[in-house]
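# Fold and geometry: a report
Here's the letter readout for the chains.
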Amino acid sequence: MAYKPKKKMMTKKHLILFKYGGNAMTNQLLKKQVVKSMCDLKEKGYQVVIVHGGGPFIKQTLEEVNIESEFIDGQRKTTPKAMEYVEMALKGKVNGSLISIINAMGHKAVGLSGKDGQTVTAKKRLHKHTKNEKTEMVDLGQVGDAESVDTSLIKLLLKNDFIPVITCIASDKKGNDYNINGDLFAGHIAGALSAEQYIILTDVDGLMLDKDNPASIINELKVAKINYLKEINCIQGGMIPKIDSCEIALKKGAKLARIINGTVPEQIVSLFENKEVGTAISV
Ligand code: ADP
Ligand code: MG
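For the structure given in this document, a descriptive report is provided here. (Residues numbered from 1 in each chain as written. Chains lettered and ligands numbered in written order. Predicted model: local features only at pLDDT ≥ 70, side-chain atom pairs only at ≥ 80, totals over all residues. Heavy atoms only, no water.)

## Points about the nonpolar core
Under the convention used in this document: Here, nonpolar core means buried Ala, Val, Leu, Ile, Met, Phe, Trp, Tyr and Cys residues that are tied together by side-chain atoms lying within 4.5 Å of each other. Whether a residue is buried, partly exposed or exposed follows from its accessible area with a 1.4 Å probe, protein chains only, as a fraction of its type maximum: under 20%, in between, or over 50%, in that order. Only runs of H or I of at least four residues qualify as helices and only runs of E of at least two qualify as strands under DSSP, and these elements are numbered from the N terminus. Contact criterion: two residues are considered in contact whenever any of their non-hydrogen atoms come within 4.5 Å of each other.
Counting 51 residues, the largest nonpolar core has Leu17, Val49, Phe185, Ile189, Tyr198, Leu207 and Ile281 as the members making the most contacts within it. Counting residues per element, this core draws most heavily on helix 3 (residues 80–104), at six residues. Not counting the four nearest positions on each side in its chain, Tyr198 is found in contact with Leu17, Lys19, Asp183, Ala186, Gly187, Ala190, Ser245, Cys246, Ala249, Leu256, Ala257 and Arg258. Residues Cys39, Ile99, Ile260 and Val277 belong to the second largest nonpolar core, which totals 29 residues.

Right under this line is the structure:
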């Protein structure tokens, strides 16, 4: 039999950071299956970090307390009152539920936001809005961006065998809280941790050349090609912050970024059997 060289295997102790959230998280059964696949990797010896958002849960919570939101260019303007409920939804509800599920699977999860241990320092987002060819600055309230990441708490937890589960809220140096886009937040942390793989779970199989044609999936993408794909309008809506976050992660030190389908938990498993899954993005 001809000699077949083995593909480079991931070695144990490599750090895998998952961005989990949005639509791949709303089904309870699916959520357990996804979390189980992540825990399986932990059992195989990988270091696992989970970063999550939870747009649908924020929406639901704000509706329950009758807080109406104004959206500017797809971004929710976040008032101090809304921010209270955003934190309640993300840290209380979504994070708390992930911790319970992981703990019940026999692992030790620790729930954090970017505020804990000053892991992520935020800055207010200055948003430019263009209307009738005029550009003006719009105040989005407590919407922020990650400015810097201190990985010491995450590393301390990993060293002691915990699974850090981090939600996308952080404060600035003065203690003002901000809601940060979950994808961008995760990208910054994946970069700062030099993750071996930064894996974004979403509700499609990966980046498609034609977003409505699953057969047009792009299996491998170089960062240098992203601008071109934006110019031809291939990357739209919710896919924009995901691709931007992959770019951030790779530029800051992650080795590989990958977008896969979080509604198909088998994709997580087959990923570590060296099968080609989703869209792999590299420098
Ligand atoms: P999530 O809840 O996981 O954050 P989003 O809805 O925000 O998901 O983003 C994923 C969506 O991005 C897909 O469901 C798809 O509709 C959209 N999208 C835009 N452009 C593309 C593309 N080129 N390839 C695949 N999906 C795309
Ligand atoms: Mg999204």
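The structure having been displayed, the exposition proceeds.
## Things to note about the sheet that holds strand 16 (residues 279–282)
Worth spelling out the cut-off: Here the rule is simple: two strands pair whenever DSSP picks up at least two bridges between them. Fitting a line to C-alpha atoms yields each axis, with helices limited to the stretch in contact; the angle taken between N-to-C directions then spans 0 to 180 degrees.
What the eight strands build is an open sheet, ordered 5-10-2-1-13-15-16-14; its pairing is mixed. At either end of the open sheet lies a strand with only one pairing partner, and these are strand 5 (109–113) and strand 14 (220–222). Sheet twist, expressed as the average angle between the axes of neighbouring strands with direction ignored, equals 20°. Pairing between strand 5 and strand 10 (residues 163–167): five bridges, direction parallel. What sits directly across from Ala109, in strand 10, is Ile163. On the sheet, helix 1 (residues 28–43) packs against strand 1 (15–20), strand 2 (47–52), strand 10 and strand 13 (197–202) and is oriented at approximately 170° with respect to strand 1.

## Remarks on the site of ligand 1
We count it as follows: By convention in this text, a residue qualifies as near a molecule or strand provided that one of its non-hydrogen atoms is within 4 Å of it. Nitrogen and oxygen atoms within 3.5 Å of one another constitute a polar contact, given that in protein one can donate a hydrogen and the other can accept it, and given that sequence-neighbouring residues count only through two side-chain atoms. Note on areas: these come from Shrake-Rupley sampling with a 1.4 Å probe, and a residue is covered only by the protein chains present in the view. As a working rule, the residues Ala, Val, Leu, Ile, Met, Phe, Trp, Tyr, Cys and Pro are called nonpolar, Asp, Glu, Lys and Arg charged, and the rest polar, with Gly in that last group.
Thr202, Asp203, Met208, Cys234 and Lys242 are the nearest of the 15 residues found near ligand 1. Between an oxygen atom of ligand 1 and a side-chain N or O atom of Asp203, the distance comes to 2.8 Å. Within the backbone of Met208, one N or O atom sits 2.8 Å away from a nitrogen atom of ligand 1. Summarising the interface, the protein chains cover 81% of the accessible area of ligand 1, which totals 570 Å² for the free molecule. Here the shell around ligand 1 is composed, by residue class, of six nonpolar, six polar and three charged.

## A look at the packing of helix 2 (residues 55–64) against helix 3
Formally: What sets the label is the angle itself: under 35 degrees gives roughly parallel, over 145 gives roughly antiparallel, 65 to 115 gives roughly perpendicular, and the rest give oblique. The crossing is said to be left-handed when, going from far helix to near helix, the turn is anticlockwise and less than a right angle, and right-handed when the turn is clockwise.
Interaxial distance between helix 2 and helix 3 falls to 9 Å at its minimum, and their mutual angle equals 125°. What the angle tells us is that helix 2 and helix 3 run oblique. For the crossing formed where helix 2 meets helix 3, the hand is right-handed. Between helix 2, through Phe57, Ile58, Gln60, Thr61, Leu62 and Glu64, and helix 3, the contact on the second element is made entirely by Ala82, Tyr85, Val86, Ala89, Leu90, Lys93 and Val94. Looking at the contact of helix 2 with helix 3 residue by residue, the classes come out as nine nonpolar, two polar and two charged.

That's the geometry; what it means functionally is another story.
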